[in-house]
Amino acid sequence: MSAISSQSLTRKFGDFTAVDNLTLEVAKGEIFGFLGANGSGKTTAIRMFCGLLAPTSGSAIVAGIDVAKQPDAVKTRIGYMSQRFSLYEDLTVKENLAFYGGVYGLNRKEIKDRSNELLDRLGFKAQENTLIQSLPLGWRQKLAFSAALLHRPEIVFLDEPTGGVDPITRRQFWELIYETAATGVTVLVTTHYMDEAEYCTRVSIMVNGRMEALGSSRELKQQYGVDNMDALFFQIARPGGTFTHA
Amino acid sequence: MKRYWGFVAKEFMHILRDSRTMLVLFGMPLAQIMLFGYAVTNEVREAGIAIYDPAQDDITHEITHELLASGYFRLEQMVAQPEDMEAIFRKGKVKEIISYESGFAEKLLKNGTAQLQVVTDASDPNTGTTLRNYTFGIVGQYQRAHLPAGTKIGGIQPVVQMRYNPQLKGVFTFVPGLITIILMLISAMMTSISIAREKENGTMEVLLTSPMAPAQIILSKVTPYLLLALIDGFGILALGKWVFHVPILGNFYLLSAELGLFVLTSLSLGVLISTVSPNQQVALMLSLAGLMLPSILLSGFLFPIENMPVALQVISNALPARWFIVIVKNIMLKGLGFASIWKETLFLAGFAVFFIGVSIRRFNIRLE
Amino acid sequence: MRTIFIIVVKEFRQIFRNKAMIPLIFALPVVQLVLLALAADFEVKHVKIAVVDKDGSTESAQLTNRFAGLEYFQLLPDRLSPSGADLAMGLDQVDIILEIPAGFAADLVREGAAQVLVTANAIDGVKGGLGASYTQAVIQQYYQDWQVQHGIVVPAASGISFTWSNWYNPRMDYKTYMVPGILGMLVTMIGMFLSAMNVAREREVGTIEQLNVTPIKKYQFIIGKLLPFVVIALVEITIGLAVGMLLYKVPFVGSPVVLYGYTVLYMIAVLGIGLLISSSSDTQQQAMFMAWFLMVIFIFLSGFFTAIENMPNWARILTYFNPVRYFMDVVRMVMLKGSGWADIAFQVKATALFALVVNALAVWSYQKRVG
């Protein structure tokens, strides 16, 4: 059974169609790259997968649950992290982890153990009592990602997780993603950094709400006769789209 | 010049597009004048009373009728027995209980005197006293009307004249204060927040690197609020005059000039606040807690200054609002001229000069 | 339950870490209580009276001097002409002008009756009315004493005689009236202001979205957010009561249990309003303005500054939809009259109904926003 599958998933806002008939399947353990320009519908699609937004038509099954019918049931099985927000700035690392762990139903021992494990792995143990606002952006992102995994979800959604971060930190972040996927967690990540597409198992490219390409980066490059993802994207998105360089 | 107007237009766009701020700018004065004009008042009317009438005779019935017909009183309930009075008061709906002596009419006609007891709920002292006075007045009137013909009315009769406000309308005392508070709200608070917002967003620095002189920038931010304040101010005057018949007895041009002066003073205060506020939140807190609240409480708008302890009266003198309220009252309600308010005008002008001066200094310091 | 507890812990942590909040929550209200209680005094007690004596007789001088020693009056020493007195009134130096016409004494002696002219500055209608009535009372007293002095027998048939007394505020102290109201205002401010800003801030910063993805149920979120404010409000009331009772000797006749119990219910209602405001605001600033706007209207229509009985019918009906009105009722009734649960049953029911409706609306609108 696939981790995520959607059938003609559509979302309209009045006359504007943000997501247009999205049909895809993401296998368990895949790192799926959800590419597209700003405003192409990536975030709206993710919101629907997370049960945050109801679809106008079509359906999506995430972790075996129909998100339109049971949005609440999905929440315990997924993790989420967006660029816009990671953790509470006026709380410490430890306090944030305690909060989110508790909210996901972990008991005190579980929170303690998993937090320590997480912090050790990241090398953040010494900062556990620092306020988030005092930490540099890269640390915050890594921390937020790890926090999203605290409750051991089956699937984790990452919305532009590496925005504004330097290349080295980005690289480290992706190493974390690999580690996570290796344990069987499915990762769906959106980005507009085209080079990150190379890191994914498969990618899809959204243009104006429609999925215009789907496949591994190698397949797509071959298919369109280009040798890098930037060029691929430019080709696919050219009619009416805008794009940014990584 | 063209640049200046360009900026002013931009500022207007900001304001007009923010519907919630517009609500506050125009809705609030409107709501408040409606409140003060119609609802909130210190005048007493239709106060709930209870009556204990063991006599139940013609005279007690007539007196009760007079009381209830006056419009000041509303019969909430009759009292069954005196012991109930405490419980009735505690329910909170009755402000005064009138007790007739038993055999009232009999005693009055035979002995020439009968007792009427008035108990008031003095939780609000003024209401208590006022209700009592109305009661005495009405009963007294009844007595005089029913005296046998030819009886001379002895005593010293005061002829009472209520000057400036013969109908004792509550709205008279509130409109000048309301104008003051609203003008200050718009001129000082909104201006300070607007400038602080630019600082917070970082766009102030962008402006400062432009060819516009700092003074011009500040002026362009201030102009929309100047206009809005004047619109609001005259709006309230108009509403007061045509809806509530609060007169403008004095010279309208003098009033307008003073209005303009006060707006100028408040604007400069707003600018000053913004120079010490790094972001909007601080500007808001300072304007609210440091300016608006003290002004509302201590300027004479709601509470009479002479009742305040000396320390508070001193603080009150430092508030521009306090002086402006006097100016408005004197011109609007008393019809007096400049001679009566030259002192207050001087204070306002002095405040304005002071605020502008300090703002300029602070601004220059920042630039260096 | 545990989820709620976790949210509450987080909220408290955030509230107390905010350096601006602590003085705001604790110091400002106390300052306001002190300031307001000192300033809020509608009592008419410094009536400046000027006497224009056109008679110049012993009687007129006697009448004039009556005002000299009285607590509520301030007799102006200068002898003013009528126009001088008018000018003085224009400059707010005089509240009441008592004009004793020529022939006053003669009329009094000959007819037993005389006239005087009392002019009051009535811009403040209450002040003018009360000032005039106090003046009349002094004049009456003088007449009665004059009668006795001149051996004029007071006829047995003196007509209806009045006795009167004041209950609940025997000292007629305005502070006793105001302080309970101020407590109500403080609690309301916390409820509406702080809660509106709090949720608006989460939305502004974006943490709301993160919370939406978690299994936190809406009701858990709301309860968890609001509980800290209920606690803070109770703390504030306690501080306020302490200040009021110690500093101003405001009595507390009723049961604290009733007051605190009702406050919790009231807070739920008011916090619901705060939630509703924040769910329709995008930024903290907007939430602040809306809360400010509503609060001003609510407070003025609550019987705090001016009595509800004085309002016209339509306004009185409006106050039934105003929860602040009920709080003012309850706090004054419990503190000053010792009213119990039975006495405030109406207020309790109304507040509970209000709380239910407002919070339901808030939850519904919050859900709408997201989906």
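Within each chain, residue numbers correspond to sequence positions counted from 1 in written order. As they are written, the chains are lettered A onward and the ligands numbered 1 onward, keeping that order. Residue-level local features of this predicted model are given only where pLDDT is at least 70; pairs of side-chain atoms are given and counted only at 80 or more, and the full residue set underlies all totals for whole chains, interfaces and linings. Hydrogens and waters are ignored; side-chain quantities use all the structure's heavy atoms.

Helix and strand counts for chain A come out as eight helices and ten strands. Compactness check: chain A gives a C-alpha radius of gyration of 18 Å against a globular reference of 18 Å for 246 residues, within 12% of the reference. Seen through its C-alpha atoms, chain A measures out along the principal axes to roughly 50 × 40 × 35 Å. Looking at the 246 residues of chain A, the share that counts as buried comes to 55%. Strands are runs of DSSP state E lasting at least two residues, helices are runs of H or I lasting at least four, and both sets are numbered from the N terminus onward. Between the two quantities, the radius of gyration covers C-alpha atoms and the globule rule is 2.2 Å times the number of residues to the power 0.38. Note on classification: 1.4 Å probe, protein chains only; a residue is buried when its accessible area is under 20% of the maximum for its type, exposed when over 50%, partly exposed between these limits.

Moving on: the overall build of chain B. Assigned secondary structure in chain B consists of 14 helices and five strands. Relative to its length of 368 residues, chain B is extended, with a C-alpha radius of gyration of 28 Å against a globular reference of 21 Å. Principal-axis analysis of the C-alpha atoms places the extent of chain B at approximately 95 × 45 × 40 Å. The buried share of chain B, reckoned over its 368 residues, is 55%. Only the protein chains shown count as cover for residues, with accessible areas throughout obtained via the Shrake-Rupley method and a probe of 1.4 Å. As displayed, chain B has an accessible area near 15,500 Å², and 62% of this comes from carbon and sulfur atoms. When the 29 positive and 26 negative side-chain charges of chain B are each reduced to one mean point, those points stand 13 Å apart. Positive charges are assigned to Lys and Arg, negative charges to Asp and Glu, while His and the chain termini are left out of the count. Working definition for charges: the position is that of NZ of Lys, CZ of Arg, CG of Asp or CD of Glu.

On to the interface of chain C and chain B, then. Often the size quoted for an interface is simply the accessible area lost on bringing the parts together. In this analysis, two residues are considered to be in contact whenever any of their non-hydrogen atoms come within 4.5 Å of each other. Each side of the interface is counted separately: chain C has 102 residues, and chain B has 100 residues. In short, buried area is how much 1.4 Å probe accessible area vanishes from two parts on joining, totalled over both. Buried area between chain C and chain B, both sides added, is near 9,100 Å², and the carbon and sulfur share of it is 63%. Each reported salt bridge corresponds to a side-chain nitrogen of Lys or Arg within 4 Å of a carboxyl oxygen of Asp or Glu. Remark: the boundary between chain C and chain B carries four salt bridges. Residue Asp86(C) is joined to Arg163(B) by a salt bridge in which the shortest nitrogen-to-oxygen separation is 2.8 Å. Whenever a nitrogen or oxygen atom comes within 3.5 Å of another N or O atom, the pair is scored as a polar contact, on the condition that within protein one atom can donate a hydrogen and the other can accept it, and that pairs from neighbouring residues in sequence are kept only if both atoms are in side chains. Summed over the shared surface of chain C and chain B, the result is 13 residue pairs in polar contact (both at pLDDT 80 or more).

This part takes up the arrangement of the chains. Contacts are most numerous between chains B and C, considering all two pairs of chains that are in contact. With respect to C-alpha atoms, chain A approaches chain B no nearer than 17 Å, and the pair has no contact.

Let us now look at the nonpolar core. As a rule of thumb, soluble globular proteins bury nonpolar side chains together. For this analysis, a nonpolar core means a set of buried residues of the types Ala, Val, Leu, Ile, Met, Phe, Trp, Tyr and Cys, connected via side-chain atoms within 4.5 Å. By size, the foremost hydrophobic cluster in this structure holds 236 residues, and its most contacted members are Leu143(A), Phe303(B) and Met332(B). In this view, Met332(B) contacts Val175(B), Ile179(B), Leu237(B), Val246(B), Pro247(B), Ile248(B), Leu249(B), Gly250(B) and Leu255(B); residues no more than four positions away in its chain are not counted. In this structure, Phe32(A), Cys50(A), Ile65(A) and Val74(A) belong to the second largest nonpolar core, which totals 30 residues.

All names here are of chain C. Structurally, the position occupied by serine 278 is in helix H10 (residues 256-279). From its side chain, serine 278 meets the backbone oxygen of leucine 275 in a polar contact 2.8 Å long. Apart from residues no more than four positions distant in its own chain, serine 278 is found in contact with Ala196, Val199, Ala200 and Arg203.

So, on to the packing of aromatic side chains. Note on aromatic pairs: each is described by the distance of the centres and the angle between the planes. For this analysis, a ring pair means two rings from Phe, Tyr or Trp (six-membered ring only for Trp) whose centres lie within 6.5 Å, classed as stacked if their planes differ by under 30 degrees, edge-to-face if by over 60, and tilted for the remaining angles. One pass over the full model with this rule turns up 26 aromatic pairs over all chains. Pairing Phe99(A) with Tyr100(A) gives two aromatic rings, centres 5.1 Å apart and planes at 65 degrees, and the pair type is edge-to-face. Grouping residues by exposure puts Phe99(A) and Tyr100(A) together as buried. Arranged with centres 5.9 Å apart and planes meeting at 50 degrees, the rings of Phe354(B) and Phe355(B) form a pair that is tilted. Ring pairs connect the aromatic residues Tyr88(A), Phe99(A) and Tyr100(A), which therefore count as one cluster. Positioned above the aromatic ring of Tyr193(A), the side-chain terminus of Arg170(A) is 4.1 Å from the ring centre. Consider the ring centre and the ring normal. A charge sits over the ring if Lys NZ or Arg CZ is within 6 Å of that centre and within 35 degrees of that normal.

On the side of chain C, 25 residues touch chain A, which itself brings 30 residues to the contact. The junction of chain A with chain C conceals about 2,400 Å² of combined surface from both sides, 58% of it contributed by carbon and sulfur atoms. Counting every contact that joins chain A to chain C gives one salt bridge. In this structure, Glu95(A) engages Arg13(C) in a salt bridge whose closest nitrogen and oxygen atoms are separated by 3.1 Å. Inspection of the chain A/chain C interface yields three residue pairs in polar contact (both at pLDDT 80 or more). Residue assignment for the side of chain A that touches chain C shows that the elements contributing at least two residues are strand E6 (78-82), helix H3 (93-103) and helix H4 (108-122) of chain A. At five residues, H3(A) tops the list of elements feeding residues into the side of chain A that touches chain C.

Moving on, we get to the pattern of salt bridges. Summed over all chains, the structure comprises 29 salt bridges over all chains. The residue Glu11(C) makes a salt bridge to Lys225(C) at a minimum N-O spacing of 2.6 Å. Here Lys225(C) lies in helix H9 (residues 218-248) and Glu11(C) lies in helix H1 (residues 2-17), a separation of 214 residues in the sequence. Among the ionic contacts, a cluster of salt bridges with common partners joins Arg170(A), Asp195(A) and Glu196(A).

Moving on: the environment of Leu271(C). Residues and elements named next belong to chain C. Residue position: leucine 271 is located in helix H10. Using a relative accessible area of 1% as the deciding quantity, one classes leucine 271 as buried. For the pair leucine 271 and valine 9, spaced 262 residues apart in sequence, the C-alpha to C-alpha distance is 18 Å. With near-sequence residues (within four places) excluded, leucine 271 lies in contact with Gly191, Ser195, Leu226, Phe229 and Val230.

Before going further, it helps to examine the confidence of the model for chain B. When pLDDT is averaged along chain B, the result is 82; 94% of the residues meet or exceed 70. In the predicted complex, the global pTM is 0.72; the interface-specific ipTM is 0.71. Every residue is assigned a pLDDT by the predictor, reflecting its confidence on a scale from 0 to 100.

Residue and element names in this part refer to chain A. DSSP calls a pair of strands paired once it identifies at least 2 bridges connecting them. The six strands are arranged E6-E7-E8-E3-E9-E10 in an open sheet whose pairing can be described as mixed. Sheet topology places E6 and strand E10 (210-215) at the edges, where each strand pairs with a single neighbour. When the angles between neighbouring strand axes are averaged without regard to direction, this sheet yields 15 degrees. Relative to strand E8 (residues 186-191), strand E3 (residues 31-36) runs parallel, the two sharing five bridges. Following the sheet pairing, isoleucine 31 is matched in E8 by valine 187. Simply put, an axis is a line fit to the C-alpha atoms, just over the touching stretch for a helix, and the angle between two N-to-C directions goes from 0 to 180 degrees. On top of the sheet, helix H7 (residues 217-224) reaches strand E9 (202-207) and E10; it is set at about 105 degrees to E10, its chief contact. Along the sheet, helix H8 (residues 229-237) makes contact with E3, E9 and E10, crossing E9 at roughly 35 degrees.

Tracing the sequence through the fold places Thr345(B) in helix H14 (residues 342-367). At 2.8 Å, the side chain of Thr345(B) and the backbone oxygen of Ile341(B) are in polar contact.

This part takes up a nonpolar patch on the surface. Each patch is assembled from residues with relative accessible area greater than 30% and no salt bridge, linking like charges that lie within 9 Å and nonpolar side chains (Val, Leu, Ile, Met, Phe, Trp, Tyr) that lie within 5 Å. Together, Leu30(B), Met34(B), Tyr38(B), Trp242(B), Val243(B), Trp314(C), Ile317(C), Leu318(C), Tyr320(C), Phe321(C) and Phe346(C) give the surface a local cluster of nonpolar side chains, amounting to about 1,100 Å² of exposed area. Elements with a contribution of two residues or more to the nonpolar patch: helix H2 (19-39) and helix H9 (214-244) of chain B together with helix H12 (313-319) of chain C. Mapped onto the fold, Phe346(C) is located in helix H14 (residues 345-370).

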